Amino acid sequence: MTRPARERAPSGLVDRMARTWARPRAGVRREIETAEESRLLFYAFAASALGVMAAVGGQLLNPSVAVGAQREQWIVTQVVVGLFIRPIGLYAAAGVMGLACRAAGGAGGWRDTRAACFWTALTVAPAAVALAVLGAGAEAYGVAPAGAAAAGLAAGSVLWALLLAPGLAEAHGFRSSLPVFAAFAGLGAAAGMLGGLAG
C-alpha cells in the first residue's frame, strides 16, 4: 500500500537540490508538501554555515586590508554571527517576504514562504561558496582584477534571487516569477545606490 504524496520519504538531499536547479517551482513545491519544521530549521542552519565558509574562505585566500591583523577575531565573529544570527535573519527575511507577497495578492502562508526561502538558500549555498572562493583566489593570484572577490560574493546573492523568485511564486500561487525577481532587482539597485551615496 503506497502512502500519500505528502508522506512519502523524500529522495536524497543532493538529488533534490539538483532537481530544484532544473525545476525551481517543482522543487520548492516538494519541500512545501513534505518538509517538517525540523527539516526547515536544518536548511536555515546549513545554508548559514555554508555562508560562513564562503566569507571565511574568501578572506583566507584574499585578506582584506580592513580586517588586517584582526583576522582571527574577524573569523570568530563571522562564525558566531553566521551560526547564531544569520538563521534568525533568514526567519525574519521570510516573514518580510511573506508579508510582501501577501500584500501583492499571494496566497501562501509563512510556512510556505519559509520553505521557499530556506530551501533555495541551501540549494544555492554550495555554488555561492565556490564562486566566493574562486573570486577571492583569482584576485589574490592576479588572475582577475581587483573586485573579483566582491563580485564572487555578489554572484551568490544573484543566484539565490534567481531561484528564490520562482520559489516564492510557487509558494504564493503567482503565475509568473518575473515580478518577484523584478522586485529583488529593484531592491538590489536601491541598496547599491544607497551604499554608493553612503560611501
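What comes next concerns the included structure. (Residues numbered from 1 in each chain as written. Predicted model: local features only at pLDDT ≥ 70, side-chain atom pairs only at ≥ 80, totals over all residues. Heavy atoms only, no water.)

### Description of the layout of surface pockets
Cut-off, in case you're wondering: Definitions used throughout: a 1 Å grid over protein atoms alone; a cavity as a set of points that fits a 1.4 Å probe which cannot get out; a pocket as an open set with protein on both sides within 12 Å along at least five of seven lines; a lining residue as one with an atom within 4 Å of a point. Grid points are joined across faces, edges and corners, and a volume is the space filled by probe spheres set on the points. The numbering of helices and of strands both runs from the N terminus, where a helix is a DSSP run of H or I of at least 4 residues and a strand a run of E of at least 2. Ten residue types, Ala, Val, Leu, Ile, Met, Phe, Trp, Tyr, Cys and Pro, are classed as nonpolar, four, Asp, Glu, Lys and Arg, as charged, and the remainder, Gly among them, as polar.
When its volume is computed, the largest pocket comes out at roughly 900 Å³. What lines the largest pocket is a set of 36 residues, among which Leu90, Ser157, Trp160, Ala161 and Leu164 lie closest to the centre. Among the secondary structure elements, those contributing two or more residues to the lining of the largest pocket are helix H3 (37–61), helix H4 (71–103), helix H5 (110–140), helix H6 (148–172) and helix H7 (178–198). In terms of residue count, the dominant contributor to the lining of the largest pocket is H6 (nine residues). Partitioned by chemical class, the residues of the lining of the largest pocket number 29 nonpolar, six polar and one charged. Estimated volume of the second largest pocket: approximately 200 Å³. Lining of the second largest pocket is provided by 13 residues; of these, Gln59, Asn62, Ala149, Ala150 and Leu153 occupy positions nearest its centre. Elements supplying a minimum of two residues to the lining of the second largest pocket: H3, H5 and H6. Of the residues assigned to the lining of the second largest pocket, the class counts are seven nonpolar, five polar and one charged.

### Quick word on a nonpolar patch on the surface
The cut-off we apply is this: Think of a patch as exposed residues, more than 30% relative accessible area, with no salt bridge, where like charges cluster within 9 Å and nonpolar side chains (Val, Leu, Ile, Met, Phe, Trp, Tyr) cluster within 5 Å. Accessible surface area values rest on a Shrake-Rupley calculation with a 1.4 Å probe, where residue burial reflects the displayed protein chains alone. Each salt bridge in this description consists of a side-chain nitrogen of Lys or Arg and a carboxyl oxygen of Asp or Glu lying within 4 Å of one another.
Where nonpolar side chains cluster on the molecular surface, the patch consists of Val76, Val79, Val80, Val81, Leu83, Phe84 and Ile85 and spans about 570 Å² of accessible area. One can find Phe84 in helix H4.

### A few points about the packing of H4 against H5
Applied cut-off: In this analysis an axis means a line fitted to C-alpha atoms, helices contributing only their contacting stretch, and an angle means the value between N-to-C directions, from 0 to 180 degrees. Angular relationships are summarised with four words: roughly parallel below 35 degrees, roughly antiparallel beyond 145, roughly perpendicular across 65 to 115, and oblique for the angles in between. Crossing handedness is defined as follows: a turn of the near helix away from the far one that is anticlockwise and smaller than a right angle gives a left-handed crossing, while the clockwise case is right-handed. Note on contacts: a residue pair qualifies if any of its non-hydrogen atoms lie within 4.5 Å across the two residues.
The N-to-C vectors of H4 and H5 enclose an angle of 125°; their axes lie 9 Å apart at closest approach. One way to sum up the angle between H4 and H5 is to call them oblique. Considering only the axes of H4 and H5, their crossing is right-handed. Counted together, Leu90, Tyr91, Ala94, Gly95, Met97 and Gly98 of H4 and Trp110, Thr113, Arg114, Cys117 and Phe118 of H5 form the full contact between these two elements. Taken together, the residues of the contact of H4 with H5 break down into seven nonpolar, three polar and one charged.

### Observations regarding the pattern of salt bridges
Here is the rule we go by: Using a 1.4 Å probe on the protein chains alone, a residue whose accessible area is under 20% of its type maximum counts as buried, one over 50% counts as exposed, and one in between counts as partly exposed.
Across all of its chains, the model carries six salt bridges by this definition. Arg25 serves as the salt-bridge partner of Glu170, at 2.9 Å between the closest nitrogen and oxygen. Of this pair, Glu170 sits in helix H6 while Arg25 sits in helix H2 (residues 24–34), placing them 145 residues apart in sequence. Across the pair Arg39 and Glu31 runs a salt bridge whose closest N-O atoms are separated by 3.1 Å. Here Arg39 falls in the buried class, since its relative accessible area comes to 18%. When salt bridges with common partners are traced through the structure, they connect Arg16, Glu31 and Arg39 into a single cluster.

### A closer look at H5
Counted only if it meets this: To estimate the expected span of a helix, subtract one from its residue number and multiply by 1.5 Å. Fitting axes to the seven residues that end at a residue and to the seven that start at it, the angle between those axes gives the bend at that residue.
Taking 1.5 Å as the rise per residue, H5 with 31 residues should run 45 Å; its terminal C-alpha atoms sit 42 Å apart, in good agreement. Most pronounced at Ala125, the bend in H5 amounts to some 40°, and the proline Pro126 follows within four residues. One or two positions beyond H5, positive phi appears at Gly142, with a value near 75°.

### Considering the nonpolar core
To keep things clear, this is the line we draw: To define a nonpolar core, start from buried Ala, Val, Leu, Ile, Met, Phe, Trp, Tyr and Cys residues and group those joined through side-chain atoms within 4.5 Å.
Core analysis: the largest hydrophobic core is formed by 29 residues, its most contacted members being Cys117, Phe118, Leu168 and Phe184. Secondary structure elements with two or more residues in this core: H2, H3, H4, H5, H6 and H7. For this core, the element with the highest residue contribution is H5, accounting for seven residues. With residues near it in sequence (within four places) discarded, Leu168 still touches Met97, Cys101, Thr113, Ala116, Phe174, Val180 and Phe184.

### Some points on the environment of Gly106
If you trace the backbone, Gly106 turns up in the loop between H4 and H5. Considered as a pair, Gly106 and Leu168 are 62 residues apart in the sequence and their alpha carbons are 9.1 Å apart. Once residues lying within four places of it in the same chain are set aside, the contact partners of Gly106 are Cys101, His172 and Phe174.

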